[in-house]
Amino acid sequence: NAGVMQNPRHLVRRRGQEARLRCSPMKGHSHVYWYRQLPEEGLKFMVYLQKENIIDESGMPKERFSAEFPKEGPSILRIQQVVRGDSAAYFCASSPPPRTPGSYGYTFGSGTRLTVV
Amino acid sequence: KNEVEQSPQNLTAQEGEFITINCSYSVGISALHWLQQHPGGGIVSLFMLSSGKKKHGRLIATINIQEKHSSLHITASHPRDSAVYICAAANAGGTSYGKLTFGQGTILTVHP
């Protein structure tokens with residue numbers, strides 16, 4: 001089991017470009033969460049998705065940010081027209097449905113470090 | 001006031017010392033997570049607990065639901081334990097483990 005895979009590990013974008021961050025959950029995990037860690041700040045919830053559904057996006061900035069988790073393929077966090085303030089580490093986590101026997105639960109990916117220049 | 005508060009913010013210890021990091025929360029939770037993050041590194045889940053106590057190697061986590069308080073203990077600390085330790089509360093209810101609300105982290109430095 002390869003764990004939660006995030007790519008790319010590092011991403012550099014110029015202001016105004018688009019950033020696409022990918023997250024492949026652990027096998028058997030149907031729930032994906034995105035978190036952002038701004039420089040010198042703590043982790044903050046962004047969005048929670050299940051396959052083909054956004055369950056909770058209360059932490060997403062109102063503009064330029066979107067997320068999806070299609071039936072096939074990884075979850076994508078998309079940031080349009082990036083600005084310097086978007087520079088941060090973006091972490092994805094996945095979990096199985098609750099009360100799944102033999103599972104730990106939450107597993108984090110290694111993160112994507114986005115730098116906007 | 002943050003919903004999840006950790007103390008201390010910074011902790012320095014000598015190798016071999018017993019370490020305690022505290023976490024208090026003000027929200028209803030379904031579980032309390034302890035996480036470890038090395039500088040520039042990913043996040044490792046150490047424990048998820050909803051009651052009592054869990055132990056893994058030199059790490060022990062306890063939670064008191066009535067007092068809304070959890071502690072992470074490290075016995076016989078080692079320089080490789082140097083990292084940021086983060087507690088996070090998973091929200092109550094729902095059909096999943098829930099989104100996490102994080103404490104600000106405790107920076108632990110263990111000197112040889």
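Structure shown above.
Residues numbered from 1 in each chain as written. Chains lettered and ligands numbered in written order. Predicted model: local features only at pLDDT ≥ 70, side-chain atom pairs only at ≥ 80, totals over all residues. Heavy atoms only, no water.

A.B. asks: Please explain the state of the cysteines as it appears in this structure.
C.D. replies: Between two cysteines, a covalent bond joining their sulfur atoms is known as a disulfide. All names here are of chain B. Inspection of every chain in the model, using the stated rule, returns 2 disulfides over all chains. Bridging Cys23 to Cys87, the disulfide has an S-S length of 2.0 Å. Disulfide Cys23-Cys87: the torsion about the S-S bond is 70 degrees, which places it as right-handed. With Cys23 in strand β3 (residues 19-25) and Cys87 in strand β9 (residues 83-91), the pair connects residues that are 64 residues apart, well separated along the chain. Cys87 matches Cys23 in its accessibility class, with the two residues each being buried. (Disulfide = S-S within 2.5 Å. Helix = DSSP H or I, 4+ residues; strand = E, 2+ residues; numbered from the N terminus. Buried < 20%, exposed > 50% of the residue type's maximum accessible area, 1.4 Å probe, protein only.)

A.B. asks: Hey, could you run me through the interface of chain B and chain A in this one?
C.D. replies: Accessible area lost during the coming together of the parts is what is often quoted as the interface size. On the side of chain A, 25 residues touch chain B, which itself brings 19 residues to the contact. Across the interface of chain B and chain A, roughly 1700 Å² is buried in total on both sides, 59% from carbon and sulfur atoms. Between chain B and chain A we count 1 salt bridge in total. Measuring nitrogen to oxygen at the nearest pair gives 3.2 Å for the salt bridge that ties Asp56 of chain A to Lys99 of chain B. The interface formed by chain B and chain A includes 7 residue pairs in polar contact (both at pLDDT 80 or more). Every element with two or more residues in the side of chain B that touches chain A is listed here: β4 (29-37), β5 (43-49) and β10 (100-102) of chain B. (Contact = heavy atoms within 4.5 Å. Buried area = accessible area lost by both parts, 1.4 Å probe. Salt bridge = Lys/Arg side-chain N within 4 Å of Asp/Glu carboxyl O. Polar contact = N/O pair within 3.5 Å; in protein donor to acceptor, adjacent residues only side chain to side chain.)

A.B. asks: When you look at the sheet that holds strand β1 (residues 4-7) of chain B in this model, what are you seeing that I'm missing?
C.D. replies: Hydrogen bonds between backbone atoms are what pair the strands of a sheet, whose relative direction is either parallel or antiparallel. Residue and element names in this part refer to chain B. Ordered by their spatial adjacency, 5 strands build an open sheet running β1-β3-β8-β7-β6, and the pairing between neighbours is antiparallel. The two strands at the open ends of the sheet, each matched to only one other strand, are β1 and β6 (52-56). Within the sheet, the average angular offset between the axes of one strand and its neighbour, ignoring direction, is 15 degrees. The pairing of β6 with strand β7 (residues 59-64) spans 5 bridges and is antiparallel. In the strand pairing of β7, Lys53 is matched with Thr62. (Pairing = 2+ DSSP bridges. Axes fitted to C-alpha atoms, helices over the stretch in contact; angles between N-to-C directions.)

A.B. asks: I keep staring at the environment of Asn64 of chain B and nothing clicks. Help me out?
C.D. replies: All names here are of chain B. Topologically, Asn64 is positioned in strand β7. Taking the C-alpha atoms as reference points, Asn64 and Gly52, 12 residues apart in sequence, are found 6.9 Å from one another. Not counting residues within four places of it along the chain, the set of residues in contact with Asn64 comprises Tyr25 and His69. For Asn64, the side chain forms a polar contact with the main-chain nitrogen of Gln66, separated by 3.1 Å. At 2.9 Å, the side chain of Asn64 and the backbone nitrogen of Glu67 are in polar contact.

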